[in-house]
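# Remarks on the overall topology
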Amino acid sequence: MADNQPDRGQRGLPGGKPRYSAFAVAKNSMSYHQDWQRAWRDAEPKSEYDAVIIGGGGHGLATAYYLAAVHGMTNIAVIEKGWLGGGNTGRNTTIIRSNYLWDESAAIYEHSMKLWEGLSQDLNFNVMFSQRGVLTIAHSEHELREMSRRVHAIRLNGIDSEILGPAEIKKFVPTINIDQSIRYPVMGGFLQRRGGTARHDAVAWGYARAADDLGVDIIQKCEVTGLRRQGRKIVGVETSRGFIKTKKVGCVVAGHSSVVAAMAGIRLPIASRPLQALVSEPIKPILDTVIMSNAVHMYISQSDKGEMVLGAGVDKYNSYAQRGSFPVPEHMLAAAVELFPVLSRLRMLRHWGGIVDTCPDASPIISKTDIEGLYFDCGWGTGGFKATPGSGHVFADLIANDRPNKIAAPYTLDRFRSGLLIDEHGAAGVAH
Amino acid sequence: MASTSQKSTSLPGRTALHGKAMTMHPNPNSGKPGLVFCELAHLGKLNMRADKSAGKMVKSITGCMFPPAANTFTSAGERHAVWLGPDEFMIICEAGKDEELASSIQASFGNRHAAVTNITDALAAFHLKGAAVRQVLAKGCALDLHHSSFTSGDAAQTLLSHAAVTIMALADDEFIVICRTSFASYLHDWLLDAALEYGVKFNK
Amino acid sequence: MMLIDCPFCGPRDETEFSCGGEAHIARPLAENKISEAEFADYLFMRDNPKGLFLERWRHSAGCRRWFNMARDTVSHEIVEIYPMGALPKTAAAKSAYSASWRRDTAAEHAAKPARTTVKNAGKARGAK
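These numbers were taken from a predicted model, which means no experiment stands behind them.

Rules behind the numbers
- Counting restarts for each chain, with residues numbered from 1 along the sequence as it is written.
- As they are written, the chains are lettered A onward and the ligands numbered 1 onward, keeping that order.
- With the structure being a predicted model, the display of local features is reserved for residues of pLDDT at least 70 and the display and counting of side-chain atom pairs for 80 or more, all residues being used for whole-chain, interface and lining totals.
- Excluding hydrogens and water, the side-chain figures rest on all heavy atoms present in the structure.
- We count a stretch as a helix when DSSP gives it H or I for four or more residues in a row; a strand needs E for two or more, and each element gets its number in order from the N terminus.
- Note on areas: Shrake-Rupley with a 1.4 Å probe; residue coverage comes only from the protein chains shown.
- In this description, strands pair whenever DSSP reports at least two bridges between them.
- For helices, the fitted axis covers only the stretch in contact; all axes are lines through C-alpha atoms, and the angles between them, taken along N-to-C directions, range from 0 to 180 degrees.
- Only heavy atoms enter the contact rule, under which two residues are in contact if any of them lie within 4.5 Å.
- In protein, a polar contact requires one atom able to donate a hydrogen and another able to accept it; more generally it is a pair of N or O atoms within 3.5 Å, and residues adjacent in sequence count only if both atoms are side-chain atoms.
- With a 1.4 Å probe rolled over the protein chains alone, any residue whose accessible area is under 20% of its type maximum counts as buried; one over 50% counts as exposed, and the rest are partly exposed.
- What gets called buried area is simply the loss in accessible area from a 1.4 Å probe that two parts show on being joined, summed for both.
- Criterion for a disulfide: a pair of cysteine sulfur atoms within 2.5 Å.
- We call two directions roughly parallel when the angle between them is under 35 degrees, roughly antiparallel when it is over 145, roughly perpendicular when it lies between 65 and 115, and oblique otherwise.
- Each crossing gets its hand from how the near helix is turned against the far one by less than a right angle, where anticlockwise is left-handed and clockwise is right-handed.
- Note on residue categories: nonpolar means Ala, Val, Leu, Ile, Met, Phe, Trp, Tyr, Cys or Pro, charged means Asp, Glu, Lys or Arg, and polar means any other residue, Gly included.
- For this analysis, a salt bridge means a side-chain nitrogen from Lys or Arg found within 4 Å of a carboxyl oxygen belonging to Asp or Glu.
- Among the buried residues, those of types Ala, Val, Leu, Ile, Met, Phe, Trp, Tyr and Cys that are joined through side-chain atoms within 4.5 Å form a nonpolar core.
- Each residue after the first adds 1.5 Å to the expected span of a helix.

Time to look at the overall build of chain C. The secondary structure content of chain C amounts to three helices and six strands. Carbon and sulfur atoms make up 54% of the accessible area of chain C, which amounts to about 6200 Å² in all.

Here is the structure:
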């Protein structure tokens, strides 16, 4: 599979579901919108599948979709212990970009970016992908130099990135404060115009609907309690709704990766941390791009509902609680208000947390294990949402062919033994 | 007790708040400013690593008893001994006497497993006094600073608006706050801002 | 938000502390006696339990001393705080310590032979 032209499988819904379109909206209005077909079935688990994906978040659903659409594996199931997209997929701040430092990172995130560009057509579902740009601010001489190095590396990989000075930034983002006397002044920034946001829930629903259309069973409220093996081979998964026989299991459970890995005696270098986010009351449009700042630890955008969407760094202790401590958002908002004084009177409306699986090198794990038929896609930490299509696409390839492709290969679990780490703390930047 | 207006013009070297001018914002509710603060310029500060057995030596040289419990300090005139850890405390003395005191302590060590380090210039010290001093500090400090919980003789290493500090309660309305010299300007600005609603005066 | 009882300073706000990650990782003193894979396990593999976790913490804005903590990663309840260099005393924490895969690793054996006489050293390790 060529890196530049990913095989996206068939476009639209070949399985026969009615397509979404303006015509469909008009037609359904005649029957008061009571006749729309369910987007996916509430499938009963079969006794056996060709592959089982554990985890019904964006990455898991994308994996299942590409297994069916690209590799023709339709006798598969996605098993989700809660409701689909209810984990980190529903809790992130929706930022999408591919401006990472190392070649290996450029490969996977840009692969994902190219899939984003066309995803709504592939899935016949509007994921609201908005390429409004992602601008990362530099606040010191050091950051300016570091930024320059990064921009060169990014462009050498054929990915768009440009440097802006304070005046240009002010033109691009009228509400930003470029006063040079503040504690962390805006000294410059680098912009990826093709970056932006998407509607996180829509991504999960779009993949679920398209996968279901191809025959994939999506089984919610079903918790995996064990991984049954015969020797060093997977033979099936134990679940709260019974045993399911299968020879291939893909684990895509993010913050719970260590829990599932332990079911097979597999060790991971992952630490599960809280990552918090919050939204403000909705206001008229004041920000039409995404701003990230490593120094002041914050990233911000404005949703289509008008809410300011804000996030910061992880809480620095392990947790599965889906909540963190107050000083993190407090610290972040102080910085946000200094950069965007117009936010100072805004009320914050909702605040929540997720469980992010962080890796020692801030890069993911997409890997076989030493148990035949058991595969892991995890360790995305705070940067998983942007990789949703790319991760699903290469993980499906790994599961279908039992070997990683060129893009996935560097992310093997073995790299922690070989020392070939891919250190992206700088690019993951603020959130790690 | 440290005096409120300590002039050290005879000592060389800039102080941490060099360049800051006397500032005054009147109490909006009339009356005295809720907070009056100044720098204790060149206040002598020594870090000591030694265990309780050093108590007698400390008393004979500095005049201060060894701090009896965690988070407390003892005093003898303008000198204080502040508990910082199970085997660590800070000796505070009048400006200009730090080197002499450090030498005496060093000389008395003998074979003792101990260390004394002169950190007079590494840290800056503020003297704070006024009816609103506890409310002002509480704006940036998570400790319970009510006068019934943090009384005279109590000390703590903690955070004051993100800056690492050692605070000491001298009386109900009187504190010493010590921070890294590089944070002194920041804390000065923060104190002025935090105390604005009570009326504040910074004395040079 | 956690209130952490520093063994030296008493109860203080979580913001005064930094978390040092998994506790009781013995550094293998004889590094050339274990394989590279085993050394990589020591360096990178980490316990990440959903439940009781034994961690190291430092009172970074206070006395700066280190101590150990047994904390539940779901409820954030602090079950026990015990000195650096010591082992926990509560039943749940002791059991978390003994049951950890790390007790049986080559790195731990290479660190301090005496450690492996903990009573569960011979316990079979398998899927949990």
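Turning to the sheet that holds strand β7 (residues 115–118) of chain B, a few remarks are in order. Residue and element names in this part refer to chain B. One open sheet accounts for five strands, arranged β4-β5-β6-β3-β7; its pairing is antiparallel. Two strands lie at the open edges of the sheet, namely β4 (73–76) and β7, each paired on one side alone. Sheet twist, expressed as the average angle between the axes of neighbouring strands with direction ignored, equals 20 degrees. In the sheet, strand β3 (residues 44–49) pairs with strand β6 (residues 88–93) via six bridges, with the strands oriented antiparallel. Paired with Lys45 across the strands is Ile92, a residue of β6. The sheet strands contacting helix α1 (residues 55–62) are β3, β4, β5 (79–85) and β6, and the helix crosses β6 at an angle near 10 degrees. The sheet contacts of helix α2 (residues 98–108) involve β3, β5, β6 and β7, and relative to β3 the element is tilted by about 20 degrees.

So, on to the environment of Tyr100 of chain A. Residue and element names in this part refer to chain A. Along the chain, the position of Tyr100 falls in the loop between β3 (95–96) and α3 (103–116). Counting along the chain gives 326 residues from Tyr100 to Gly426, while the straight-line C-alpha distance between them is 8.6 Å. Within the structure, the side chain of Tyr100 is placed 2.8 Å from the side chain of Lys386, a separation counted as a polar contact.

Residues and elements named next belong to chain A. Phi at Asn124 takes a positive value of approximately 50 degrees, unusual for a residue other than glycine. One non-glycine residue, His297, lies in positive phi territory at about 60 degrees. Its place among the elements puts His297 in the loop between β14 (290–293) and β15 (298–302). A residue is classified by how much of its surface remains accessible, and His297, at 30% relative accessible area, is partly exposed.

For the rest of this paragraph, the subject is the interface of chain A and chain C. Where interface size is given, it is often the accessible area lost as the parts come together that is meant. Between chain A and chain C, the contact holds 29 residues from the first and 26 residues from the second. Of the roughly 2200 Å² buried between chain A and chain C on both sides combined, carbon and sulfur atoms contribute 56%. Our enumeration of links across chain A and chain C arrives at 14 residue pairs in polar contact (both at pLDDT 80 or more). Counting residues per element, the side of chain A that touches chain C draws most heavily on helix α8 (residues 257–262) of chain A, which supplies three residues.

Before going further, it helps to spend a moment on the state of the cysteines. All names here are of chain A. Per the stated rule, a full pass over the model turns up zero disulfides over all chains. Lacking any disulfide linkage, Cys222 is separated from the closest cysteine sulfur, that of Cys251, by 14 Å. In this structure Cys378 is a free cysteine whose sulfur lies 6.5 Å from that of Cys359, the closest cysteine sulfur available. When its relative accessible area of 0% is taken as the criterion, Cys378 is described as buried.

Now for helix α1 (residues 36–44) of chain C. Taken residue by residue, α1 of chain C has Ala40, Asp41, Tyr42 and Phe44 of chain C as its buried positions. Looking at the buried residues of α1 of chain C, the elements they touch are α11 (415–418) of chain A together with α3 (106–111) of chain C.

Before going further, it helps to spend a moment on the packing of helix α2 (residues 58–69) of chain A against helix α7 (residues 200–213) of chain A. All names here are of chain A. Packing of α2 against α7 brings their axes to within 9 Å, and their N-to-C directions diverge by 30 degrees. Overall, the two elements α2 and α7 adopt an arrangement that is roughly parallel. As α2 packs across α7, the resulting crossing turns out to be left-handed. Listed contacts from α7 to Leu61, Ala62, Tyr65 and Tyr66 of α2 are Ala204, Tyr207, Ala208, Ala210 and Ala211. Grouping the constituent residues of the contact of α2 with α7 by class yields nine nonpolar, no polar and no charged.

Attention shifts here to the pattern of salt bridges. All chains considered together, the criterion is met by 39 salt bridges over all chains. Here Asp304 of chain A ties to Arg132 of chain A by a salt bridge, and the two come within 3.7 Å at their closest N and O atoms. Taken together, the residues span a long stretch of sequence, with Asp304 of chain A in the loop between β15 and β16 (307–314) and Arg132 of chain A in the loop between α4 (119–123) and β4 (134–138) at a distance of 172 residues. For Asp304 of chain A, a relative accessible area of 59% corresponds to the exposed category. Between Asp87 of chain B and Arg49 of chain B there is a salt bridge, with the nearest N and O atoms lying 3.3 Å from each other. Of this pair, Asp87 of chain B sits in the loop between β5 and β6 while Arg49 of chain B sits in strand β3, and the two are 38 residues apart along the sequence.

Quick look at the nonpolar core now. Residue and element names in this part refer to chain A. In terms of nonpolar packing, the biggest core is built from 56 residues, with Tyr65, Trp116, Tyr207 and Ile366 touching the most fellow members. When residues of this core are traced back to their parent elements, those giving at least two are β1 (51–54), α2, β2 (76–79), α3, α4, α7 and α10 (388–401). Among all residues touching Tyr207, those that are not within four sequence positions of it are Leu61, Ala62, Tyr65, Tyr66, Leu119, Leu123, Thr388 and Pro389. Core analysis: the next-biggest nonpolar cluster, separate from the first, contains 34 residues, Ile54, Val260, Ile266 and Ile270 among them.

Moving on: helix α4 (residues 184–195) of chain B. Taking 1.5 Å as the rise per residue, α4 of chain B with 12 residues should run 16 Å; its terminal C-alpha atoms sit 16 Å apart, in good agreement. Along α4 of chain B, the residues classified as buried are Ala184, Leu187, His188, Trp190, Leu191, Leu192, Ala194 and Ala195 of chain B.

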